[in-house]
Amino acid sequence: MKRVLTIQDISCLGKCSLTIALPVISALGSETVILPTAVLSTHTMFKNFTCKDLSDQIEPIANHWKSEGVKFDAIYTGYLGTREQIDQVKELFRTFRSGNTVIIVDPVMADNGKLYPAFDMDYVKKNAELCAEADIIVPNITEAALMTGMEYREEYDEAYIKELLARLNELGAGISVLTGVSLEKGKTGVMGYERRTGEYYIYQNRRIDAAYHGTGDLFSSTCVGEIMKGKDWRDAMRIAADYTAHTIEVTLRNPDKPWYGVDFEATIPELIGME
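Residues numbered from 1 in each chain as written. Predicted model: local features only at pLDDT ≥ 70, side-chain atom pairs only at ≥ 80, totals over all residues. Heavy atoms only, no water.

**Overview of the environment of His43**
Examined against the element boundaries, His43 turns out to sit in the loop between β2 (31-40) and β3 (51-53). Note: C-alpha distance between His43 and Ala211 (168 residues apart in sequence) is 15 Å. Residue contacts for His43: discarding those within four places in its chain leaves Ser11, Leu13, Gly14, Cys16, Phe49, His213 and Tyr260. At 3.1 Å, the side chain of His43 forms a polar contact with the backbone nitrogen of Met45. (Helix = DSSP H or I, 4+ residues; strand = E, 2+ residues; numbered from the N terminus. Contact = heavy atoms within 4.5 Å. Polar contact = N/O pair within 3.5 Å; in protein donor to acceptor, adjacent residues only side chain to side chain.)

Set out below in structure tokens:
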């Protein structure tokens, strides 16, 4: 069985980060080890949430694992709240990376043309450094524009996306994948570039007019789980895009109309059989 380490925060209520990564990657057949960077009462779309930073626990936990000879087939990072945590994770990469370890970075920090509150351009620079050490990165268009210094555009064409990918490639990752790419009306999906082959990959599915917190985490976690099952990165991205879209559709049909996260619990059985 493959073993995946995922490093990100845990929101006790809210369906995002570790509360998505742990069940999804596990359901896809990999042992999932977690390293929480912070614990929140809810995710940040709720008001008056509590947050306990766990930066002081990262090094002791890593040292214990090292003393036990623990190894990982993949290390997957999501939301990291501070520049210092990014430095800690870079050191963790150096400690646990072996010749077969796949490093997957989702540089969660921005969307819709804006950085999340409390982040600044120094944080962007640190995320770019983290991406440089990854095998696969999965930023959205806003995050890619910030890390590469390109202008963010809400309206764009394929040439703009290819230029973004070219700039991301310069950061150093072997495979760069942009999420939330819409190249025709009513469609959305991903576009990726593989440094080794020089090939691009585009996948578009139906755009659903709804937005939920945690869908990026659902996409990335599904990609990680599928790659650990032996899927080519292109197939993993396609399956993840379709699964995320399907889960949004299922959530929209929920009569309780949940607003703070998608009903991935209802669709996990279908994910297991997706090809």
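Here the narrative resumes, following the displayed structure.
**With respect to the sheet that holds strand β11 (residues 199-206)**
Across the sheet, which stays open at both edges, the nine strands sit in the order β3-β2-β1-β4-β5-β8-β9-β10-β11 with mixed pairing between neighbours. Two strands close off the open sheet at either side, each with one partner strand: β3 and β11. Contacts from helix α3 (residues 83-96) reach β1 (3-11), β2, β3, β4 (74-77) and β5 (102-105), with the element oriented near 175 degrees to β4. Sheet strands touched by helix α8 (residues 233-252): β8 (136-137), β9 (175-181), β10 (187-194) and β11. Its angle to β11, the strand with the most contacts, is close to 15 degrees. (Pairing = 2+ DSSP bridges. Axes fitted to C-alpha atoms, helices over the stretch in contact; angles between N-to-C directions.)

**Thoughts on the nonpolar core**
A general tendency of soluble globular proteins is for nonpolar side chains to be buried together. Counting residues in hydrophobic clusters, the biggest one holds 42 residues, and the most contacted among them are Leu5, Ile75 and Leu92. Setting aside its immediate chain neighbours within four residues, Leu5 contacts Val33, Ile34, Leu35, Trp65, Phe72, Ala74, Ile75, Tyr76 and Leu92. Listed in part, the 24 residues of the second largest apolar core include Val4, Tyr201, Met237 and Ala240. (Core = buried A, V, L, I, M, F, W, Y, C linked by side-chain atoms within 4.5 Å. Buried < 20%, exposed > 50% of the residue type's maximum accessible area, 1.4 Å probe, protein only.)

**Re the environment of Asp56**
On the secondary structure map, Asp56 appears in helix α2 (residues 55-67). Exposure remark for Asp56: the relative accessible area of 54% places this residue in the exposed category. The sequence separation of Asp56 and Thr44 amounts to 12 residues, and the corresponding C-alpha distance is 22 Å.

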